[in-house]
Amino acid sequence: MAADAYRDRLVQQAADLKLHEQRYWHLLLKYKKTSLGGFESEADGMGFFNSPAGKTDPAKELAATLTSFFVDPGGLEEGAEHPQCNFPARFKWLNEKLNFDEKQLPRQNCDRLERWLAILDPVGVTVVFASHFLNNPASMFGHTLLRVDSKRTGGDKKLLNYGANYAAKPDTENAVLYALKGLVGLFQGQFTIFPYYTKVQEYNNWESRDLWEYELDFTADQLDYLLRHLWELGGTFFQYYYFQENCSYHILSLLEVANPGLHLRDGFFFSVIPADTVKAMVAEEGLVNKVVYRPAVLSQLNQKRSRMSEEEKNVLSAVVDDAKLIEQEAFKARPEASQALILDAYLDYLQYKSLQAKARENPSGLPRPVLLARSRLGSESESRSEVEFSTPPHLGHGADRLRVGVGHNDHEPFQEIAYWPAYHDLLAKETGYARDSEIIFMDFRFRYYDETRRLTLDRAKLLGITSLNAYDPLFARPSWRLGVTVDTLRDFDCPACNSFKGNFGMGLAHRPDFFSPLLLFGFVDVEAEFADKLDENYRLGGDVELGGLIDLSENWKIGFTGAYKYFPLGDDKDFFTASFEQRFSLSQNLDLRLEYRRHDESNEGVFAVNFYF
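## Concerning the nonpolar core
A general feature of soluble globular proteins is that nonpolar side chains tend to end up buried together. Within the largest apolar cluster, 80 residues are counted, with the highest numbers of intra-cluster contacts made by Phe-100, Phe-218, Leu-255 and Met-281. Among the elements that make up this core, the one with the highest residue count is helix α9 (residues 220-233) (seven residues). Leave out the neighbours within four places in its chain, and Leu-255 touches Val-127, Leu-146, Leu-216, Phe-218, Leu-226, Leu-262, Leu-264 and Met-281. Listed in part, the 26 residues of the second largest apolar core include Val-320, Ile-326, Leu-343 and Leu-350.

## Here's the deal with the environment of Arg-490
By the secondary structure assignment, Arg-490 is in the loop between β15 (479-488) and β16 (498-510). For Arg-490, a relative accessible area of 13% corresponds to the buried category. Measuring from C-alpha to C-alpha, the distance between Arg-490 and Leu-377 comes to 63 Å, with 113 residues separating the pair along the chain.

## Comments concerning the state of the cysteines
Linking two cysteines covalently via their sulfur atoms produces the bond known as a disulfide. A full pass over the atoms with the stated rule returns two disulfides. The disulfide partner of Cys-85 is Cys-110, and the S-S distance across this bridge is 2.0 Å. Across the S-S bond of Cys-85 and Cys-110 the torsion is about -80 degrees, and the bridge reads as left-handed. Linking Cys-85 in helix α4 (residues 83-86) with Cys-110 in the loop between α5 (88-98) and α6 (111-120), this pair joins segments that are 25 residues apart in sequence. Residue Cys-494 pairs covalently with Cys-497 via a disulfide, S to S 1.9 Å. Taking the torsion about the S-S bond as the criterion, the Cys-494 to Cys-497 disulfide, at about 55 degrees, is right-handed. Overall, Cys-497 belongs to the buried group, its relative accessible area being 13%.

## Some points on the environment of Phe-39
The residue Phe-39 is located in strand β2 (residues 39-41) in this model. Its relative accessible area of 24% is what places Phe-39 among the partly exposed residues. Look past the residues within four positions of Phe-39 in its chain and what remains in contact with it is His-26, Tyr-31, Lys-32, Lys-33, Thr-34, Lys-55, Thr-56 and Pro-58.

## Description of α6
Among the residues of α6, those classed as buried are Leu-113, Trp-116, Leu-117 and Leu-120. The buried residues of α6 all sit within an arc of 95 degrees when viewed along its axis, so they share a single face. One or two positions beyond α6, positive phi appears at Asp-121, with a value near 45 degrees.

## So, the side chain of Glu-245
Looking at the element boundaries, Glu-245 is found in the loop between β8 (238-240) and α10 (247-258). Nearest to the buried, unbridged Glu-245 among oppositely charged side chains is Lys-55, at 8.0 Å. Once residues lying within four places of it in the same chain are set aside, the contact partners of Glu-245 are Glu-42, Tyr-166, Phe-238, Gln-239, Tyr-240 and His-250.

What counts and what doesn't
- Residues numbered from 1 in each chain as written.
- Predicted model: local features only at pLDDT ≥ 70, side-chain atom pairs only at ≥ 80, totals over all residues.
- Heavy atoms only, no water.
- Core = buried A, V, L, I, M, F, W, Y, C linked by side-chain atoms within 4.5 Å.
- Buried < 20%, exposed > 50% of the residue type's maximum accessible area, 1.4 Å probe, protein only.
- Helix = DSSP H or I, 4+ residues; strand = E, 2+ residues; numbered from the N terminus.
- Contact = heavy atoms within 4.5 Å.
- Disulfide = S-S within 2.5 Å.
- Arc of directions from axis to C-beta.
- Lys, Arg positive; Asp, Glu negative; His and termini not counted.
- Salt bridge = Lys/Arg side-chain N within 4 Å of Asp/Glu carboxyl O.

Below you can see the structure in the form of structure tokens.
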């Protein structure tokens, strides 16, 4: 038959042109080179392929894809889509390369696809970064998603656009199990399409996360390729890896399909951190047109509070305790701008509390007397400059860190080298990161002692999380921290003795005002430690710790702690520890550290240089 002959001719032509070797075909099919030199697709749903060998053989998959375009639509099962409609990006690209003869390869009518494209009506695309959220393991490092900007919803109507999100489909709510399964790829990850306002509601409102929106520069044809490929991805799934094949990785792959001149993923080796993927986009000249800050409800409230005098803050606290105060003459006698500022802040507070209680059925259920009081005033409170309560993620230091240092303990000098793939410690420069928080993952530090000529594992912090929530009269949020570490038994004065320990602590923190450089904190921790060196091979107890952080300037920060540790079970012992550390940043990705620590009766000092990348 003529159709069969034409099909065979196209397959041969594609083979002669070696289209299966071209990068764009590999981008569309998610092929990555294996360690043995072959290829394997990252897609794991077999419906993504037309050939049984398609996951590992680009040539067979291309030939099978071309063949599938000739399938008689009359022979399809009821409700099934034609391959031309299932794989529109592949069809478009192969048509551009092979110039299909429509008489011999008729175009199929793809109603569902065309209606979907018409609804999206794209004029642009925006990558959205949701700031860090320590209460959810999936979002501790932030999250990125895509927003498709429509011609019909420009200006202030962007909430009506659609978003595209790649995320795991978890089968557990246990944070530890979630982290473990995410690390080894035991979840399926899928793309979903949703109204953008639903994610703003989830991230901006329910979780109080600031959003940073990066509007990108793509041509109409590039946008069309992106959406057609996104349609193809809707029918498959991927193994979800928390640090590699995650939300940011697959968003970058979409952008590379839109513009194959981009190589956004090439710079990532072990970890693909959302903030670092944003940096990769910004580094591409001309890719990012505009950056927009969308503050969370809590940030909007804090913006208003930061503009208040101490008296206005006290009045707001009183109104929170008793809303009837707004009807009293003392409140009405205040200047209108002051009344408006306090009422606006109070309405933000009520909205925040309502959202935190998940009163989603009636998000605008605010007290009528408050709304009436506010409506009698001017349309705006006194105009003052807005404050951003988070900083753009692309301005932060790199997530990977290499540390080299020299030091001396009570006995001998040493050199040390350390590396972590993620992420940020309390002393590091906070630009681009959540304020007063720390997430450290897989931080390995080795030391070489000069006189005894020993190379030791000084510490391996497998996971460390700290969240310092400064006391707020309107909200009760305790500080907390946890850690899982292989460490040196420093109070035994034995550099070669390691232990395995875990700790969890709760505490309080205080900052004199929003922008004070001083933060004081205190913790009570429980700690378990296991080592052969210990009596009965373990000790169980805890500590009480007091400390503080001071920003002396934008680039200079100091931290200090003092703690009393007591272990009544196992190796019965109590002792004191203290530390004093300072960091000076020479640039975004380079800082100097000077550190002193005391454990029981042992002392050590270290000078180190940290390189972030």
